[in-house]
Every structure is written in structure tokens, then in C-alpha cells.
Amino acid sequence: SYFSPDGEWLIFQSTRNGRSCDQQYVMRVDGSDLHRVSDGTGKTTCGYFIGNNESILYASTHLADSACPPRPDPSKGYVWRLDPFDIYTANRDGSNRTPLTAYGVYTAEATVSPNGRSIVFTSLKDGDLEIYTMNTDGSNIRRLTTTPGYDGGAFFSPDGTQIVYRAKRDGSSHLLASTKAR
């Protein structure tokens, strides 16, 4: 889960209420005003608030399939499937959902810059898990990483000029790396 910029709200994914697939929810930090903001189809992940707390973004598989994707085998440890997520924005109440990407491949792990104008995310859109930025309206997509292997889980620095992210390459353990955000 993540706090809204004003610290008054949380956004999180959950299988609460008997759901078989993660959906996005928001609530006040005291637990009140809890409500689902995704439509209940597909699987969702990586919810985040944008700017003034009135908008959210999250990734969902609902465009590829309204059903829940198969779960990975837990006997292999923590495994995260690269399901066909795309990134969406919506009003904080879930209305006015708008696609920012439509690649039909894993596109998720999105976070928002401190000034609320840019999004950093991970995608398989070019055939490898790379990090990209875009404006919060989906325009000006720019690839930031190019080394083969996993690059993801990026966050902006407090001044928005750099990102920090996870990387796993050539069987190495996870590295923590950084690069300029623009």
C-alpha cells in the first residue's frame, strides 16, 4: 500500500471479500471510507496516488482477460508472474478509468514523481524488462534502461531528478541502481 501525498489516504491491492484476484482499494488512514476503485475484473497491482489525491493509477490485466490469471506455484518461493498488465488512471473513487498504456504485455510497477507530472514504470514492451518514464497523461514515453535483465521497482528521488530501482542481471543477486529520470 502507498500513502497519498497528503498522508490522509492509502491505496492498496487485496483479495478481500472472497475475491480470487487482487483488486485496488482506497481508504482513509484511520480505516474509514474503504472502497474498491478497480472494476473487479482481471488482476490489479501497483496502485499509487497522483498529485492532489483526487487521481490514482494502477495496473490491470482486465483488457487482456476479465478472468483472474493463474496463480504461480508457491512451492518455488515468491514468484511474480509477468501477466499482461497495462497502466490506467482514474478518479480516486475509481470513475473515469483511462488507459495510459495498451501494450498487452507486463507493464506495471508505476510510481509518480514528487511534482505529480511524471510516472516511472517497468515494461516488457520492447522485449526485456526495462524502465520507462511518461507524463501522467501517457504522453512522452521515454526508455531509461537498456541492459538485458530485470530492471524495475523504480521510485523518484525527492527532487524528481533521479530514480532508484532494482536490477537483476546474468544470474546476479539483486542490485540497487540509480539513473537520471530525464
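Residues numbered from 1 in each chain as written. Predicted model: local features only at pLDDT ≥ 70, side-chain atom pairs only at ≥ 80, totals over all residues. Heavy atoms only, no water.

A.B. asks: Please give an account of the state of the cysteines that cites residues and values.
C.D. replies: What the rule picks out here adds up to one disulfide. Put simply, C21 and C68 are joined by a disulfide, and their sulfur atoms are 2.2 Å apart. Residues C21 and C68 are joined by a disulfide whose S-S torsion is about 85 degrees; by sign, that bridge is right-handed. Residue C21 is found in the loop between β2 (9–14) and β3 (23–28), and its partner C68 is found in the loop between β6 (55–60) and β7 (86–91); the two are separated by 47 residues along the sequence. Using a relative accessible area of 7% as the deciding quantity, one classes C21 as buried. (Disulfide = S-S within 2.5 Å. Helix = DSSP H or I, 4+ residues; strand = E, 2+ residues; numbered from the N terminus. Buried < 20%, exposed > 50% of the residue type's maximum accessible area, 1.4 Å probe, protein only.)

A.B. asks: A description of the nonpolar core should follow, citing residues and the corresponding values.
C.D. replies: Ranked by size, the top nonpolar core spans eleven residues in total: Y48, I50, L57, I87, L100, A110, V112, I119, F121, Y132 and M134. Going through the elements one at a time, β5 (44–50), β9 (107–112), β10 (118–123) and β11 (130–135) are the ones with two or more residues in this core. Not counting the four nearest positions on each side in its chain, I87 is found in contact with L57, Y58, A59, T98, P99, L100, T101, T107, A108, A110, F121 and M134. I131, F156, I163 and A181 belong to the second largest nonpolar core, which has nine residues in total. (Core = buried A, V, L, I, M, F, W, Y, C linked by side-chain atoms within 4.5 Å. Contact = heavy atoms within 4.5 Å.)

A.B. asks: Provide a residue-level description of the packing of aromatic side chains, including the pertinent values.
C.D. replies: In this structure the tally under the stated criterion is six aromatic pairs. Look at Y2 and F155: their rings are 6.0 Å apart centre to centre, the planes differ by 55 degrees, and that puts the pair in the tilted class. Placement of the pair is Y2 in strand β1 (residues 2–3) and F155 in strand β13 (residues 150–156), with a sequence separation of 153 residues. Accessibility expressed as a relative area gives 30% for Y2, which makes it partly exposed. Relative to Y88, the ring of Y58 has its centre 6.5 Å away and its plane inclined at 35 degrees; by these criteria the two rings are tilted. Residue Y58 is found in strand β6, and its partner Y88 is found in strand β7; the two are separated by 30 residues along the sequence. Given the relative accessible area of 3%, Y88 is considered buried. (Phe/Tyr/Trp six-rings, centres within 6.5 Å; stacked < 30°, edge-to-face > 60°.)

A.B. asks: Describe the pattern of salt bridges, naming the residues involved and giving the relevant values.
C.D. replies: Scanning the model with the defined rule gives eight salt bridges in all. For D83, the salt bridge identified is with R81, shortest N-O distance 2.8 Å. Between K125 and D126 there is a salt bridge, with the nearest N and O atoms lying 3.7 Å from each other. On the basis of relative accessible area, D126 is assigned to the partly exposed category, the value being 43%. One connected set of salt bridges, linked through shared partners, spans K125, D126, E130 and R143. (Salt bridge = Lys/Arg side-chain N within 4 Å of Asp/Glu carboxyl O.)

A.B. asks: Go over the sheet that holds β1 with me, naming the residues and quoting the values.
C.D. replies: Sheet strands line up and pair through hydrogen bonds in the backbone, either parallel or antiparallel. Read from one edge of the open sheet, four strands run β1-β2-β3-β4, paired in antiparallel fashion. Two strands lie at the open edges of the sheet, namely β1 and β4 (35–36), each paired on one side alone. Sheet analysis places β2 next to β3, joined by six bridges and oriented antiparallel. When the bridges of β3 are listed, S14 appears paired with Q23. (Pairing = 2+ DSSP bridges.)

A.B. asks: Tell me about the environment of S75, and please be specific about residues and values.
C.D. replies: Here S75 lies in the loop between β6 and β7. Assessed through its relative accessible area of 62%, S75 is described here as exposed. Remark: the alpha-carbon pair of S75 and D30, spanning 45 residues in sequence, is separated by 36 Å. Side chain to side chain, S75 and D73 meet in a polar contact 2.8 Å long. (Polar contact = N/O pair within 3.5 Å; in protein donor to acceptor, adjacent residues only side chain to side chain.)

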